[in-house]
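For reference, the chains in residue letters:
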Amino acid sequence: MESMRQQYAEKIQAAYVECEHEHEGKKRVDWLQLNQRLTKLMKNAKVEGLATRDFMDLVKAELPDAWENLEPTWFKIAA
């Protein structure tokens, strides 16, 4: 189970990096795209046996500064 958490932690970080873009010399995040990716990841994690709460905790741990910008509904889809 710990290796699965680690894999998803890495996937969460990768999703964030992929949604981060440079615009006029500043890094910006495409929050819609990130929310969509996190929703997909959460659905996959749930199928693999990772509880919704555990996934949410991983997102909070991996993206602490981004948490407030995430849609509160993305984790409810897989609940």
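Here's what I pulled together on the structure shown here. (Residues numbered from 1 in each chain as written. Predicted model: local features only at pLDDT ≥ 70, side-chain atom pairs only at ≥ 80, totals over all residues. Heavy atoms only, no water.)

1. So, the packing of helix α1 (residues 2-19) against helix α3 (residues 52-62)
In step 1: With their axes 10 Å apart at the nearest point, α1 and α3 run at an angle of 50° to one another. Here α1 is positioned oblique relative to α3, judged by the angle of their axes. Seen from above, α1 lies across α3 with right-handed handedness. For the pair α1 and α3, the contacting residues are R5, Y8, A9, I12 and Q13 in the first and D54, F55, L58, V59 and E62 in the second.
In step 2: Residues that form the contact of α1 with α3 fall into these classes: six nonpolar, one polar and three charged. (Axes fitted to C-alpha atoms, helices over the stretch in contact; angles between N-to-C directions. Helix = DSSP H or I, 4+ residues; strand = E, 2+ residues; numbered from the N terminus. Parallel < 35°, antiparallel > 145°, perpendicular 65-115°, else oblique. Left-handed = near helix turned anticlockwise from the far one by under 90°. Contact = heavy atoms within 4.5 Å. Nonpolar A, V, L, I, M, F, W, Y, C, P; charged D, E, K, R; others polar.)

2. Regarding the pairing of strand β1 (residues 20-23)
In step 1: In this sheet, strand β2 (residues 26-29) lies alongside β1 in antiparallel orientation, the contact comprising four bridges. Bridging across to β2, H21 finds its partner in R28.
In step 2: The hairpin formed by β1 and β2 contains two residues between the paired strands, and E24 there has a positive phi angle of roughly 55°. (Pairing = 2+ DSSP bridges.)

3. Describing the environment of L41
In step 1: Along the chain, the position of L41 falls in helix α2 (residues 31-47).
In step 2: Sequence separation of L41 and K11 is 30 residues, and the distance between their C-alpha atoms is 7.8 Å.
In step 3: Those residues in contact with L41, other than ones at most four positions away along the chain, are Y8, K11, I12, A15 and F55.

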